[in-house]
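Given next are the chains, with one letter for each unit.
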Amino acid sequence: MAVWLMFVMLAFAGMLSCGVSYDRPPPRPSRFVPLAEELDSTSPQQVHISMVGHDQMRISWITDDANTPATVSYGTSPGNYAFSAKGTSSSYRYVLYESGEIHDVVIGPLKPSTVYYYRCGSDSNPELSFQTPPAQFPINFGLAGDLGQTDWTTSTLDHISKSNYDVFLLPGDLSYADTIQPLWDSFGRLVEPLASQRPWMVTQGNHEIEKIPVIHSQSFTSYNARWHMPFEQSGSNSNLFYSFEVAGVHVIMLGSYTDFGPSSAQYSWLQSDLRKVDRTKTPWLVVLLHAPWYNSNTAHQGEIESVNMKAAMEGLLYGARVDVIFSGHVHAYERFTRVYKEKTDNCGPVYINIGDGGNREGLSKNYINPQPTISVFREASFGHGQLQVVNASYAQWTWHRNDNDEPVVADSIWLKSFSSNPSCKM
Ligand SMILES: *[C@@H]1O[C@H](CO)[C@@H](O)[C@H](O)[C@H]1NC(C)=O
Ligand SMILES: [Fe+2]
């Protein structure tokens with residue numbers, strides 16, 4: 001057959017499949033974000049905020065200089081700070097690296113759906129602002145896991161920043177510093193424009209462990225020092241698992257890389273946290289964890305954090321009628337139907353893997369075939385998700401692929417909460 005005819009046929013086949021002809025991008029390397037030139041050793045950097053209880057916010061930032069105050073001035077109009085709060089400062093050592101001064105100040109009570117203007121530390125520092133989440137539905141969550149700090153991460157963050165989100169949820173693997181501690185500082189500077197304006201609620205992945213036998217025997221040193229989440233307020237004894245409530249949604253953050261067996265602190269904390277959930281106050285129940293319990297990608301199959309954690313906790317979450325479980329770890333997007341014990345179950349959670357933030361390791365492109373019936377949609381592309389909880393009964397989930405740097409809605413589904421589904425007994 002003439003070569004040209006084969007070309008024509010291939011081109012025609014390409015046109016037929018043009019809906020899915022998007023080229024999978026190659027990995028991009030981590031990009032170090034230096035301290036901006038106008039900043040000095042006493043300037044606040046890496047500012048990020050996180051929710052504490054229903055009406056407070058934790059403001060975290062770092063200064064290279066150790067003698068800067070852990071104070072935040074804030075108010076509801078620019079340049080006019082009616083309130084101030086004092087917090088604590090700390091630092092950590094990791095092999096030869098010594099961190100800057102990490103400041104941690106909890107402010108509030110704050111009003112919902114309100115823009116606050118704030119300043120970290122001394123009077124000469126710049127003003128920042130954030131918006132508190134709403135007290136009632138609707139509320140919009142932005143989601144992406146396995147973020148890293150590449151040019152793909154930048155695209156993902158750019159799309160999230162334009163999405164009108166109220167709270168960002170990150171199911172683990174933040175900086176991909178992987179023991180190179182200055183990359184944690186770089187990551188803090190990369191995310192500051194977003195994370196200083198909306199609460200970022202995170203849980204940890206394997207890239208946060210950073211334990212080196214003999215040389216650095218502690219796990220999660222940098223993560224725990226830099227990303228203090230409100231575990232104390234949720235009765236947890238560890239920053240590695242906690243919960244919080246916002247606008248009618250109870251969010252549980254689990255730790256895949258700390259003990260999860262029936263005799264573990266995490267397991268008993270989860271049991272007691274689930275008992276406290278009141279579906280008349282929080283009709284939606286959402287869980288995040290790093291290593292997915294359901295996954296039809298060939299990447300990360302059979303890992304103990306997935307298999308054993310699922311064996312230990314799936315029954316608990318099923319019994320509690322969790323609406324949706326988000327994971328990361330696999331660098332691709334996949335949505336499952338409602339599942340319990342490997343089978344479709346109308347009273348089980350929807351599982352969504354959203355480890356597609358854009359890290360330096362690139363995409364996980366290979367899938368197990370044929371596609372399992374419980375897997376509804378799977379695609380190896382970078383992107384982010386949005387969970388728009390409209391009211392007590394309905395939420396719309398959309399997945400936005402970074403299509404040649406433009407966000408394109410590639411998957412979308414309406415979810416109905418179990419609190420308004422009488423066929424699944426609570
Ligand atoms: C909740 O939102 C859905 C989708 O917009 C709408 O159809 C439904 O009527 C709403 N329910 C209530 C109780 O407002
Ligand atoms: Fe991971």
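Before reading on, note that the structure itself is shown above.
Keep in mind the model is a prediction, meaning the values are calculated, not measured.

## As for the sheet that holds strand 8 (residues 101-107)
With antiparallel pairing, the four strands of this open sheet are ordered in space as 1-2-8-5. Strands at the two margins of the open sheet, each flanked by one partner only, are strand 1 (45-52) and strand 5 (88-90). For this sheet, the mean inter-axis angle between neighbouring strands, taken without regard to orientation, is 20°. In this sheet, strand 2 (residues 56-63) lies alongside strand 1 in antiparallel orientation, the contact comprising six bridges. Residue V52 lies in a different strand from strand 2, and its bridge partner there is Q56.

## Here's the deal with the nonpolar core
Counting 97 residues, the largest nonpolar core has I59 and W200 as its most contacted members. Here the element with the most residues in this core is helix 3 (residues 182-195); it accounts for seven residues. Residue contributions to this core reach at least three from each of two domains, namely domain 1 (45-131) and domain 2 (139-420). Setting aside its immediate chain neighbours within four residues, W200 contacts I49, S50, L147, L157, Y165, F168, L170, V191, L194, A195, W227 and M229. Core analysis: the next-biggest nonpolar cluster, separate from the first, contains eight residues, W152, A299, V330 and Y367 among them.

## Description of helix 3
Helical geometry: 3.6 residues make up each α-helical turn, so side chains three or four residues apart lie on a common side. The end-to-end C-alpha distance of helix 3, which contains 14 residues, comes to 19 Å, matching closely the 20 Å that a straight helix rising 1.5 Å per residue would cover. By the largest-angle criterion, R189 marks the main kink of helix 3, which is about 30°, and a proline, P193, follows within four residues. Looking only at helix 3, the buried set comprises L183, W184, D185, S186, F187, G188, R189, L190, V191, L194 and A195.

## Section: the sheet that holds strand 10 (residues 128-131)
Backbone-to-backbone hydrogen bonds pair the strands of a sheet. The strands run either parallel or antiparallel. Taken together, four strands build an open sheet; the order of strands is 4-3-9-10 and the sheet is antiparallel. Only two strands of the sheet have a single neighbouring strand rather than two, namely strand 4 (83-86) and strand 10. With strand direction ignored, the average angle separating the axes of adjacent strands in the sheet is 30°. Where strand 3 (residues 71-75) meets strand 4, four bridges bridge the pair, whose relative direction is antiparallel. Residue S73 lies in a different strand from strand 4, and its bridge partner there is S84.

Conventions and cut-offs
Residues numbered from 1 in each chain as written. Chains lettered and ligands numbered in written order. Predicted model: local features only at pLDDT ≥ 70, side-chain atom pairs only at ≥ 80, totals over all residues. Heavy atoms only, no water. Pairing = 2+ DSSP bridges. Helix = DSSP H or I, 4+ residues; strand = E, 2+ residues; numbered from the N terminus. Axes fitted to C-alpha atoms, helices over the stretch in contact; angles between N-to-C directions. Core = buried A, V, L, I, M, F, W, Y, C linked by side-chain atoms within 4.5 Å. Buried < 20%, exposed > 50% of the residue type's maximum accessible area, 1.4 Å probe, protein only. Domains from an automatic or database assignment. Contact = heavy atoms within 4.5 Å. Expected span 1.5 Å × (residues − 1). Bend = angle between axes of the 7 residues up to and from the residue.

Just distances and angles here, no functional claims.
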